[in-house]
Amino acid sequence: NNWEESFYRLLLKSFGLNINGEAFYEISNKLPLNIIRKEQTNLMHLEALFIGTANLLVSESEDFYYNTLRKTYNYLQQKYNLQQLVKAPSFYKSRPDNFPTIRLVQFASFIHHQPFLFDLIRNPESISSNNHLLGAKVSDYWKTHYVFGKEHGSKSKFVSQTFYELLLINTILPFQYVYHQQVGSDVIEEVLQHYQSINTEKNSTTEMFKKLLVPVKSSLDSQSLLFLKKNYCDLKRCLNCEIGIKLMIR
């Protein structure tokens, strides 16, 4: 019954996307929010906690920042009796902007600048204002690195509008609806309006429905179609589906 802890864990899981979602969720289990709050004012400590818990600070390196984070994490690990992941998050098949290092330091930056994390859920208006998630930037070292020890030209690597919308669709808006439903306040219209204001997701499922001339105008439509695909098409429940019945009549 800890809403803020639950939201923190699900939001971090969403930062890992499909490839590293489970690994990021395990990080949040090993790194509870009460520890994050104690180190929230120090961005380098947050980076050390997230990257160290992810088991990405275990090898030897000549990189100065790597060794700084490693020493910091070793100190914090003993201080809070922390455990690391057995297996580090995967870099395989990820674009550089989705590397676990980048997503973890973006999340650290967001936590650093958003001391009252649950405001994103408690106040529906915060999605549009006083929100440090959209545009959250990496620290100076990560502007020139995707991984430790390999430098490149400077790039800001902020949380993009597209990635932010994914977080809204899959985590923030559903959690906001459930929380307010539990506390007895009605925000269903606001939540649906937010879904309607977000562009439709582009994936094989939405493209398939477009070929069937099903209108897909917003994320509210695309989320509905993803639900239909998972709960009807994939289970071959065509006779329970209006679209399936019309297709078979045709």
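This text follows the structure it describes.
Reading guide: rules and limits
Residues numbered from 1 in each chain as written. Predicted model: local features only at pLDDT ≥ 70, side-chain atom pairs only at ≥ 80, totals over all residues. Heavy atoms only, no water. Patch = residues over 30% accessible without salt bridge, like charges linked within 9 Å, V, L, I, M, F, W, Y side chains within 5 Å. Areas by Shrake-Rupley, 256 points an atom, 1.4 Å probe, with all protein chains shown as cover. Salt bridge = Lys/Arg side-chain N within 4 Å of Asp/Glu carboxyl O. Lys, Arg positive; Asp, Glu negative; His and termini not counted. Charge placed at Lys NZ, Arg CZ, Asp CG, Glu CD. Helix = DSSP H or I, 4+ residues; strand = E, 2+ residues; numbered from the N terminus. Bend = angle between axes of the 7 residues up to and from the residue. 1 Å grid on protein atoms, 1.4 Å probe; cavity = no way out; pocket = protein on both sides within 12 Å on 5 of 7 lines; lining within 4 Å. Points joined across faces, edges and corners; volume = space filled by probe spheres on them. Nonpolar A, V, L, I, M, F, W, Y, C, P; charged D, E, K, R; others polar. Buried < 20%, exposed > 50% of the residue type's maximum accessible area, 1.4 Å probe, protein only.

> Help me get a handle on a negative patch on the surface, residues and values and all.
Taken together, the side chains of Glu125, Asp186, Glu189 and Glu190 define an acidic patch exposed on the protein surface. Inspection of the secondary structure puts glutamate 189 in helix H10 (residues 188-197).

> Report on helix H9 (residues 161-183), specifying residues and quantitative values.
Along H9, the sharpest kink reaches roughly 50°, centred on leucine 168. Looking one or two places after H9, you find glycine 184, whose phi comes out positive at around 90°.

> Tell me what's going on with empty space enclosed by the protein, and back it up with residues and numbers.
Applying the stated criterion across every chain, the model contains one cavity of 30 Å³ or more. As a volume, the largest cavity reaches approximately 30 Å³. Every residue along the wall of the largest cavity is listed here: Glu4, Leu33, Ile36, Arg37, Gln40, Ile111, Pro115 and Leu117. For the lining of the largest cavity, the element with the most residues is helix H3 (residues 33-38), which contributes three residues. Of the residues belonging to the lining of the largest cavity, the class tally is five nonpolar, one polar and two charged.

> Please give an account of unusual backbone geometry that cites residues and values.
One non-glycine residue, leucine 213, lies in positive phi territory at about 65°. Inspection of the secondary structure assignment puts leucine 213 in the loop between helix H11 (204-211) and helix H12 (219-233). Classification of leucine 213 by relative accessible area gives exposed; the value is 75%. Notably, lysine 236 is not glycine yet its phi reads approximately 55°, a positive angle. By secondary structure assignment, the location of lysine 236 is in the loop between H12 and helix H13 (242-249).

> Give a detailed account of a nonpolar patch on the surface, specifying residues and quantitative values.
Together, Leu239, Ile245, Met248 and Ile249 make up an exposed nonpolar region whose accessible area comes to about 440 Å². Position of isoleucine 249 among the secondary structure elements: in helix H13. Exposure remark for isoleucine 249: the relative accessible area of 68% places this residue in the exposed category.

> How would you summarise the layout of surface pockets if you had to cite specific residues and measurements?
Empty space within the largest pocket amounts to approximately 530 Å³. Along the walls of the largest pocket sit Leu10, Lys13, Ser14, Leu17, Asn18, Ile19, Gly21, Phe163, Leu166, Leu167, Asn170 and Thr171, which together make up its complete lining. Contributions of two or more residues to the lining of the largest pocket are made by helix H1 (3-15), helix H2 (17-30) and H9. Ranked by the residues each element gives to the lining of the largest pocket, the list is headed by H9, at five residues. Looking at the lining of the largest pocket residue by residue, the classes come out as six nonpolar, five polar and one charged.

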